[in-house]
Structure formats: C-alpha cells, structure tokens
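# Commentary on secondary and tertiary structure
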Amino acid sequence: MSDCLLPVHHTLRRSCARGVRGSILVEVSKVLQSSCYLWFDLPWKSAMLELSEAIRAYHDDTGLPQMNVTGSSDEFFLVTDPESSGSPPKRAPPPVPLFAPSLSPSPIIAPSPILSSLAKSLSMESTQAQELTVDDIEDFEDEDEVEEVGNFRNRRRNPNEAVDLVLGLPPFATGITDDDLRESAYEVLLACAGASGGLIVPSKEKKKEKRSRLMRKLGRSKSENVVSQSQQSSGLVGLLEAMRMQMEISEAMDIRTRQGLLNALVGKAGKRMDTLLVPLELLCCISRTEFPDKKAYIRWQKRQLNMLEEGLVNHPAVGFGESSRRASELSQLRIILAKIEESEFQPPSAGELQRTECLRSLREIAIPLAERPARGDLTGEVCHWADGYHLNVKLYEKLLLSVFDTLDEGKLAEEVEEILELLKSTWRVLGITETIHFTCYAWVLFHQYAITNEEGILQHAIEQLKKIPLKEQRGPQERLHLKSLQSKVGRGEGFQDSSFLYSFLSPIQKWADKKLGDYHLHYSECPATMENIVAVAMVSRRLLMEENELPMQPPSLTDRDQIESYISSSIRNAFVRISHVVETSSSRTHEHSLALLAEVTKKLLKKDESIFMPILSQRHPQATTVSASLLHKLYGNKLKPFLDGAEHLTEDVASVFPAADSLEEYIMEVIASACEEETAEVYIRKLNAYQIETISGTLVMRWVNSQLGRILSWVERAIQQERWDPISPQQRHGSSIVEVFRIVEETVDQFFWLKVPMRSTELQSLLRGIDNAFQVYANNVIDKLATKEDLIPPVPILTRYKKETGIKAFVKKELSDPRLPDERKSTEINVLTTPKLCVQLNTLYYGITQLNKLEDSIWERWTRKRPREKSIRKSSVEKSSSVTQKETFDGSRKDINAAIDQICEFSGTKIIFWDLKGPFIDNLYKPNVSQSRLETIIEPLDLELNQLCDIITEPLRDRVVTSLLQASLDGLLRVILDGGPSRLFVPSDAKLLEEDLEVLKEFFISGGDGLPRGVVENQVARVRHIIKLHGYETRELIEDLKSASGSQMSGSRSNLGADSKTLLRILCHRCDSEASQFLKKQYKIPRPTA
C-alpha cells in the first residue's frame, strides 16, 4: 500500500476499532476498501491513489453483496443475504500487508490531480451534501488520546467469557440484525418520548472543530474534563441526547426520525405519538432525498419493512385464529411488503407510483391489525406492532444496553436512574411488565458482567434477579401473560418449547453452573466473586424450579444437592490438573509421583477448607466433609495400582506409604472437625480405607498367564485336527470350535473358583487372552484359502476383429497360459469343496454366538463376585484401562466377521471361476450369443446353489448367496468385456444379453424365496450399463471413445457414461471392420494369431 494511503488507513482503522459510528468514518472506510482493488493494480508503489476512481467504484458496487474481512487482507467471505447482513464489522481490520501481492502488470493509470476531496453526499450527518477532504480525514488522528481510550476499553472487555451466554430465543425469519433492533428500539423510544411532549428537532448545523473530534464523540478527554452534551442540556432533551450517544445512533438518523414522527402527527388531532404504527409512519413521512445515497435508504427501508413483518405477521401480540380471511390478509400483507422493496429497483416514476399505492394498501391492512385490542385495552388505544413476543424483549434489551458507560463498559452511566425511568414510557408500546423488565435487566447486567468481569455490575444483576416476583407475587393477568410467552428453539434435530423465564434465566444458570463446576480454576483469587456467582445460580435456579422449567433435573434435587454437585465436579477437575502437574514434576525431582501427589492433595484440601468451604457451607453444612471424602477416594484410586504391585520394601514404597498415610490421617481430622462426633464416625466408616492386596493380585496374574498359554496350544491343536465335516445334520459346524470353547469355559470356571481377593486387572488380562485366542482361531481358518488371483484365469490379451480368425489355435494358446495355477495350488483349491466351505462358515458363526453367551456369563459371575463395585466409583485411571462389557471380545468379533466375509467371497468366486469355468467362463456366448445363451449354465448354477443352501446355516444364507451373485456378475462382465478373440458381439446382441441378465436376476430372486429384489437390482445395475453400451453402433462408440480419451485427464466420463478402458474392450469384441481399422490405427492393437 502506498505511503499516501497508509496514514489514512491506519487512522480509520484505529478510529473504527474504538467503536465510533460516525457516518464519515463508515463511508470513507468503505471507499478505501474499494480503493484497495484499484491500488493493487498500480505497477509502481509511489503512484498516487485516485480517490475519485475509488468513489466511483464504490457506488458502482452498491448493488453487490457486502463482503466482510475475516482473515488476511485477501480473504473475503460472501454473505448469502446481502440485505440482511447488517452493518460493517465492528472489529478492527486485519493488519495491512507491508508489500502488495505480485500481480500481472496492468495498464498504467495516470496520477489524478483530484486528491484533495472525495465525492459529495458521503456524509450521513445531515441531508445536505458535504465535501470531505484529506484534511478532514486527518482530523480523526487523536494520537495518544485515542490509543489510551481504545486500549482501556479493550482491556475491560473479555468476550470469550460470554461465548456460552446466549439467549434461548429463535432467530428472526427476516434476518434482522442487532443493529436493526438497536435502531428500531431508538425509534420506539423517540415515539414514547414524543407522547409526553419532549420531542424536538435539533438544529442540523453542527459546529466543526478540527482538534480531537473522536474524543468529543466519546465525551471526555485525557488532558481536560470535557463536559458532555447530555450534561449541558437538561431534562428530557438532554437525556435523549445522552441515550442517542449511548445507543450509537447518528445525528442524521436522529433528526430524520424525529422529523418523521412529528410529521406523522400532522392532521391527527388527539392522536398520541406512542399509538402510531412507527415503521409505517416513517416509511410514509421520510423520503429518499433525506438519505445520502440510495444504498443507505434501501437498507433503512428494508429494516422498517422487516420490523412490520416481524411485529404484525411473525410475532403478533394478538393471535389470528383460524379465520381464512385473516390468512388472506396476512398473505396480502407479505405481498405488499415485497412490492415496496421491488419499487426501488424500477424506473423512478413507476417505482414511486407503485410505492405510494403499496403504502396506501399497507396502511389499510396494517392499521386494523395493529390496533386490535389486547390485554384489556380498547380498540385503537394501543398500537400492537412491537409488543409481540419475542420481538418486544429483543427491542427492550437494546434499550437497556444504554445504561452502561460509553467509555467504561464495566460501569453504569451516571444517568442510569433517569434512563430506567424514561424506559418505563416504552412499556406500554413494547408490552413490558414488571417481571419482564426485571428479568431482561438482570440478563443485560449479567451478560455485561461476563464480558467485563466488573464486580459492581454483578452486584446490580443479583439485585435485579432478587426483584423478579415469584409466581404467587404476580397478579393473575400477568401470570396468564407470562404463560403465553412461548417460543420454539431448535434443539438438536427438533424444536423445544421455551418460556420467557427459561429463555432468559436458563443461560444465566447454565453459565453459573459451568463456572462453579470448576471453582478452583475460576475463583481461587477472588472468593468474593464466587459467593456472588453462587447467589446468581441459586436465585435463578429457584425461579426456574418454581416455574417447573428444569425438566432435566428431578424435583427432589435440593440446593444442598446442587452445591454437592459443584464440589464433586470442581474437586475432580482440580485433582486431574494436579495429577498432570505431579507427573511432570516427579521426573525432575526423582521422587515418586504418588508421594508428591499426596502432598499436593493435602495442600488442595487445606485451600479448599479455608477459602471455598466457608462460602459453600452457608448452603450445605457438610460441604467440607463431602470435599474431604471425595479427595480421599480420588487419591485412593491412584494409590491402589501401586499397592497391588508392591512386592518388596523399595525406595518407592518407603516414600509413598508415609505420604499416603499422612494424607489419610489429615482427611479424617478434617472430617472430625467439620461435624459432630457421631456424624464424623459415619463418614469415616464410609471411606474405603487404603489396603494392600499385592500378594493375591500377583498370584492370580501368574495363574492367568499360564492358563492363557495352555489355551493357545489347544487352539493350534484343534485346527490341525479339523477336517471340516459337520458334527451332525443338526450341528452343521466343525468339532474344533467346540473343543476350543470347552477349554476356555474350563479356564473361566477355575478363575471364578479362586477365593483370593482380586481386582478387575486380573479379569481384564483373562478376557484379553481369550479374545486373542479366538482371533488366532479365525486367522488359522482362512490361512489355507487361495487368493482371488489363483481362482480367476488371467485376462486374455486384447485383439481386434479379423475375419475367419483361427479360433482353435488361439484357444489352445489361452489354455496353455503359463500364468494359470500350478498343480499343487489346484489340489489345495479342489480340496476346499463347497460343503467344506459351508462348514467353515457355520463354525465361525457358531463361534460368534457362543462368544456372546460366554461374555454375558463372565460379567454376570464377576458382578456376583464383586458386588461392592456397584457402589464404588472407579477412578479415572481405572476407567481408562478397564474394558466395558460391550467391548470385551470386540477383537474376536471383528476378526471372525472378516473371516466370514472372506470365505463367502472365496466361495462365490470358486463356484463361478473354478467349478463352472468350462460352461461359464470358457464357452458362454461361443461362437455367438444366439447359439450359446445363459440358460445353459442356470442348471449347473442351480445345483451349486442348492448344495450351498442345504448346508449353510440360515443367518448366513443371504451373505453367501450375495457373494455368489457378485461372482456371477463378475463372470458375466469377464465374458462380455475380456472374453478373448473367440467372442464377438454385434449391436443386436444387446437385446439378447439384456434378456440373459434378466434370467440371472430372476434366478437369484427366485420368486421372493431368494435374495431381496432391491439387493439384486443394485448388484445388476453395473452390468446392465455395460450391456447397454454393446447396443450402440460402432461409429457412436468410436466417437465416444475419442471424447473420453480427451477428457480423461480431467477425470470426467464420456457422453455414454463409460470410461475409455470399457469402451476400448467393447470395440475389441465388436464384429466390425470399422472397429478393427480404428483400433489398428489409433491403438496399434494386433489381430489374433492363428
């Protein structure tokens, strides 16, 4: 970026980062964004920036969607709805690159002498055209003052703390943004202020001072105490000016709105301003000429139309019932709103006429809708356009945000009491009650505290929460009104009904619960803040429980239970952290980690007892006891593996045992001092005292290891003796699996007969060994299977058509191909007959079913043997190393299922490519399709299928038959694509091939007794497409092959939907001289040798 642009850019960047919403800054920053594109086209760095060209480019692009800079200077994201995308981002722009990216040379742009001014009509401060010069831009450079104020505001903000603090309200259908709500809320405020006669239109002439404009906007200076404009003015006028600045409303917008509201009352004697349909009146009374440009006017008009649609249609205060007439009116209203928007894009005369007619029609429909009586008022007494839930509370939230100081967002403004009193004037228009006010105000304050961490704001939030009336303190009319405030919020895959109190208080309660769930991390340095957060959690919880708005918690959950959950969660989180720290530090100090952990745990308990427990004990008298008991348990879980492995008095034992004993003694002292003697004895008895179980654990582990070795030897022996014959007609599995289960069950029985104390570690070792044994068994079953390459004969070499080809000689050469399996391999394949393969499949399936029974038996017996584990919470270390019931034999199940799939695939391939190789692979469609149809192999295929189905167990039938179907289709593709020179096809054969495919399909469907029709159709689809290609003429295939070869680099398919290899194979089998000549010329494919 040029030196002439950098100062301006950095000045605007600092100013915009401070939250200034002055229209000059906004417009100039937009222009400079557009000018960046012009600048990067310049071929030299020292060239001048042509601002007039930038202005022209900016206004030419006003109709395009907005772009938000979210990353580096060359990364932009396009919003989907430019009309509802809102104002430009409030955050600071990304850093300016030191060097412009290297682009291709562009035409030289001569430096323009027009650098002293921008185009007119950029300012939104007034309706008069103004001229902005580079000197005016430099006025925003406030040097140290700007930096100090900006840094102070940034230091006070901590937006990450408020990420999870979001209102439980659905989004608006029209896409209105927070800026739209803020501006509309200010218009409501002006209308209500005008009802009391306090609305005047200030002078449009603004005094210009060159020094420190930005500091004047913020209202104070570092070197002098500048008196703000709101302080200079008194009464309602000054208060409205202060709120205008607080809500960041431009003076131009303020003047337009005031004048429009006053004009709306002309000719309406006796009409109060707060009973006006404000968006409609502003649309009628404010013209296009009062805006600096068309884009600003369209955005303003879009906001007003969206507000009308949200207030009258989407969220009306008065329901419409089921009347078809009302539905017609609503539909007509939406059409009118759309036509008003369309009018801005028509020729001026036609557009203005359409807009005028639409506004007249809109008034005829909207006024009766808005003036319908509700909540006891009379017709026309209140205009119900902004008091529909949840639009009203969002508008009111924006008004409440004006109570915070502009410079110090952690403090309330000096005029807070006057502001709140003024906001009461909007209750009638927005339908706000006392309960709604206190709830919204508490939400706004608490959300601000989450951002600023200011203790005073939190205190104010607690006061407002306590002011929210309970259900019995509200009047009957207000109770009914609050009950009617419902909204649907997306939760996962569906929607959940959410009441008003739940939408506002539930996020507060969840945020407080999350913080208190780890109070050791968040409030170690500020226990006073923790006390306030506990108060927030308890008050919000009480309000929600009274409204029955805590469906996830049982009604019997008391405040003591909630405090106990905070203690449990925070203690666990703190213990995990100190465990990680100790594991890191023990390697440096060469001291055993358990000894260090005992000391650190004692310090944690002392801190907990002195800092946090006094706060929590106010609501749970036994909080200290709960904390100490939990720490004892957590450390005990860490200590247990060490005790189990201690065989000798080593240095580690000498360091860990005293530290652990000291910790346990201190925990018992804390429990005894925190409660009475009898109560203390009850809690101490509940503690699982540390014990040594090393000897029994070691003995059990040695026994398990020896038994697992014995099981593996029996598995190998059983596999070697297996002949894969069924045990009986009823038991169609092999005998080896029965022998393996017998030895495993004997080992399990002996394990549970052991009467020594044992841990889950020994059981896990036994289960892993059994799991490994069945994996070995499954792998041994499939080790002797031949590969797919051994079964499928090699693909013949591609040749082209030759008249009177010597077929016999070629066939003889095919059969003597040296790549065919040798005699030893052929013998191994022939040994695995279809019945033996079926027995293997039945055996593996029997193994899976028996594994499930064995698993259930083991866990049932373990539960009976260790019943006390049901009431003992395992430590995080045990959880990470333990095996749940569902994953005990997952490795075995995975390997056995993989073996079943492999045998199924082998069986199908063997039947088609080996057993039926002669009639199917070698002779089908020889010498032509009409003389050798597929019906000839249906009978031998049916014999094979019957033999398979007679032996295979019912649950595996579909899996193995599906594999046979896949192999049959693979064989058919082999014949029609790689059948060799002895198979030639003509386009008319496609119909016969299609008929054969239907025969094969119906054979496997078997009239509903076979495979499901959908499964067969999915498998057949890939072959049907190839057959369809055979029906095309040779010229079409050649042209498609040419196009496919040209587009092969891009990865796309041909026009016929086939790849070039498939098309080439079809042409090689085409009985056609044209195809032969093409293959010879383009691919050098030889003729078949005689």
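Given the structure is predicted, the values throughout are model-derived calculations rather than measurements.

## Some thoughts on the overall build of the chain
Looking only at helices and strands, one finds 45 helices and 4 strands in the chain. Relative to its full complement of 1090 residues, the chain shows a buried share of 50%. Nonlocal contacts in the chain, meaning residues at least 24 apart in sequence, comprise 76% of its contacts between residues at least 6 apart. When the accessible surface of the chain is totalled, it reaches about 52,500 Å², and 53% of it is carbon and sulfur.

## Re the packing of aromatic side chains
Tallying each qualifying case throughout the model produces 17 aromatic pairs. Pairing Tyr925 with Phe985 gives two aromatic rings, centres 6.3 Å apart and planes at 80 degrees, and the pair type is edge-to-face. Here Phe985 lies in the loop between helix H40 (957-977) and helix H41 (989-1005) and Tyr925 lies in the loop between helix H38 (917-922) and helix H39 (935-951), a separation of 60 residues in the sequence. Phe985 shares its class with Tyr925; the two are buried.

## Observations concerning the pattern of salt bridges
Counted according to the given criterion, the structure contains 41 salt bridges. The partner of Arg1035 in a salt bridge is Glu1039, and the shortest N-O contact between them spans 3.3 Å. Residue Arg1035 and its partner Glu1039 are located together in helix H43 (residues 1034-1046), separated by 4 residues, close to a single helical turn. On the basis of relative accessibility, which here comes to 40%, the residue Glu1039 falls in the partly exposed class. If you follow the salt bridges from partner to partner, you end up with Glu994, Glu998, Lys1001, Glu1017 and Arg1024 in one network.

## A look at empty space enclosed by the protein
By the definition in use, this model includes 4 cavities of 30 Å³ or more. If you go around the largest cavity, the residues you meet are Pro796, Ile797, Leu798, Thr799, Asp978, Gly979, Gly980, Pro981, Arg983, Cys1068 and His1069. Of the residues in the lining of the largest cavity, the class split is 5 nonpolar, 4 polar and 2 charged.

## Notes on the environment of Asp178
Assignment of secondary structure puts Asp178 in helix H6 (residues 178-195). Relative accessible area serves as the criterion here: at 45%, Asp178 is assigned to the partly exposed category. Along the backbone, Asp178 and Lys394 are 216 residues apart, and their C-alpha atoms lie at a distance of 8.8 Å.

## Section: the side chain of His390
As for its position among the elements, His390 is in the loop between helix H14 (348-370) and helix H15 (391-400). Here the side chain of His390 touches Pro170 through a polar contact of 3.0 Å, landing on its backbone oxygen. In this structure, His390 is in contact with Leu169, Pro170, Phe172 and His315, ignoring residues within four places of it in sequence.

## So, unusual backbone geometry
The residue after Tyr389, namely His390, is reached through a cis peptide bond having omega 10 degrees. With omega at 0 degrees, the peptide bond leading from Lys926 into Pro927 counts as cis. One non-glycine residue, Tyr925, lies in the positive phi region at around 65 degrees. Overall, the relative accessible area of 0% leaves Tyr925 in the buried class. The backbone of Ser1006 shows a phi angle near 55 degrees, a positive value even though the residue is not glycine. Within the secondary structure layout, Ser1006 lies in the loop between H41 and helix H42 (1013-1030).

## Some remarks on the nonpolar core
Core analysis: the biggest nonpolar cluster contains 159 residues, and Leu277, Leu362, Phe446, Phe500 and Tyr635 have the highest contact counts within it. Broken down by element, the residue count for this core peaks at 12 residues, all from helix H18 (residues 434-452). The residues touching Phe500, leaving out its near neighbours within four places in the chain, are Tyr389, Val393, Thr435, Ile436, Thr439, Cys440, Leu482 and Leu485.

## Looking at the packing of H15 against H18
Remark: H15 packs on H18, axes separated minimally by 10 Å, with the N-to-C direction vectors making an angle of 55 degrees. Between H15 and H18, the interaxial angle falls into the category oblique. Where H15 crosses over H18, the handedness of that crossing is right-handed. Residue-level inspection shows Val393, Tyr396, Glu397 and Leu400 of H15 in contact with H18, the latter providing Ile436, His437, Cys440, Tyr441, Trp443 and Val444. For the contact of H15 with H18, the per-class residue count stands at 8 nonpolar, 1 polar and 1 charged.

## Points about the side chain of Asn842
Counting through the fold element by element, Asn842 comes out in helix H35 (residues 834-865). A polar atom in the side chain of Asn842 sits 2.8 Å from the backbone nitrogen of Thr953. If near-sequence neighbours (up to four positions away) are discounted, Asn842 is found in contact with Arg732, His733, Ile951, Ile952, Thr953 and Leu956.

## Side note on the environment of Met273
Looking at the secondary structure, you find Met273 in the loop between helix H10 (251-264) and helix H11 (278-285). Along the chain, Met273 and Ala191 lie 82 residues apart, while their C-alpha atoms are 5.5 Å from each other. Setting aside its immediate chain neighbours within four residues, Met273 contacts Leu190, Ala191, Gly194, Ala195, Leu199, Leu261, Leu262 and Leu265.

## Focus on a negative patch on the surface
Taken together, the side chains of Glu676, Glu677, Glu678 and Glu681 make up a negatively charged region of the molecular surface. Assignment of secondary structure puts Glu677 in helix H28 (residues 677-686).

## With respect to the confidence of the model for the chain
Per-residue confidence for the chain gives a mean pLDDT of 77; residues scoring 70 or more make up 72%. Counted against residues more than four places away or in other chains, residues 1-47, with its pLDDT under 50, gives 107 contacts. The model gives residues 867-883 a pLDDT under 50, and that stretch makes 21 contacts with residues more than four places away or in other chains.

## So, the packing of H39 against H40
With their axes 11 Å apart at the nearest point, H39 and H40 run at an angle of 160 degrees to one another. Judged by the inter-axis angle, H39 sits roughly antiparallel to H40. As H39 runs across H40, the sense of the crossing is right-handed. Here H39 contributes Leu941, Leu945, Leu948 and Cys949 to the contact with H40, which in turn contributes Arg957, Val960, Val961, Leu964 and Ser968.

## A word on H6
Side chains of residues three or four places apart in an α-helix project in the same direction, reflecting 3.6 residues per turn. Helix length check: H6 (18 residues) gives 26 Å between terminal C-alpha atoms against 26 Å at 1.5 Å per residue, within 8%. Positive backbone phi, approximately 80 degrees, marks Gly197, located one or two places after H6.

## What to know about the environment of Ala413
You can see Ala413 is positioned in the loop between H15 and helix H16 (416-423). Look at Ala413 and you get buried, because its relative accessible area is 7%. Residue contacts for Ala413: discarding those within four places in its chain leaves Gln246, Val403, Phe404 and Asp405.

What counts and how
- Residues numbered from 1 in each chain as written.
- Predicted model: local features only at pLDDT ≥ 70, side-chain atom pairs only at ≥ 80, totals over all residues.
- Heavy atoms only, no water.
- Helix = DSSP H or I, 4+ residues; strand = E, 2+ residues; numbered from the N terminus.
- Buried < 20%, exposed > 50% of the residue type's maximum accessible area, 1.4 Å probe, protein only.
- Contact = heavy atoms within 4.5 Å.
- Areas by Shrake-Rupley, 256 points an atom, 1.4 Å probe, with all protein chains shown as cover.
- Phe/Tyr/Trp six-rings, centres within 6.5 Å; stacked < 30°, edge-to-face > 60°.
- Salt bridge = Lys/Arg side-chain N within 4 Å of Asp/Glu carboxyl O.
- 1 Å grid on protein atoms, 1.4 Å probe; cavity = no way out; pocket = protein on both sides within 12 Å on 5 of 7 lines; lining within 4 Å.
- Points joined across faces, edges and corners; volume = space filled by probe spheres on them.
- Nonpolar A, V, L, I, M, F, W, Y, C, P; charged D, E, K, R; others polar.
- Polar contact = N/O pair within 3.5 Å; in protein donor to acceptor, adjacent residues only side chain to side chain.
- Core = buried A, V, L, I, M, F, W, Y, C linked by side-chain atoms within 4.5 Å.
- Axes fitted to C-alpha atoms, helices over the stretch in contact; angles between N-to-C directions.
- Parallel < 35°, antiparallel > 145°, perpendicular 65-115°, else oblique.
- Left-handed = near helix turned anticlockwise from the far one by under 90°.
- Patch = residues over 30% accessible without salt bridge, like charges linked within 9 Å, V, L, I, M, F, W, Y side chains within 5 Å.
- Lys, Arg positive; Asp, Glu negative; His and termini not counted.
- Charge placed at Lys NZ, Arg CZ, Asp CG, Glu CD.
- pLDDT = per-residue confidence, 0-100.
- Expected span 1.5 Å × (residues − 1).

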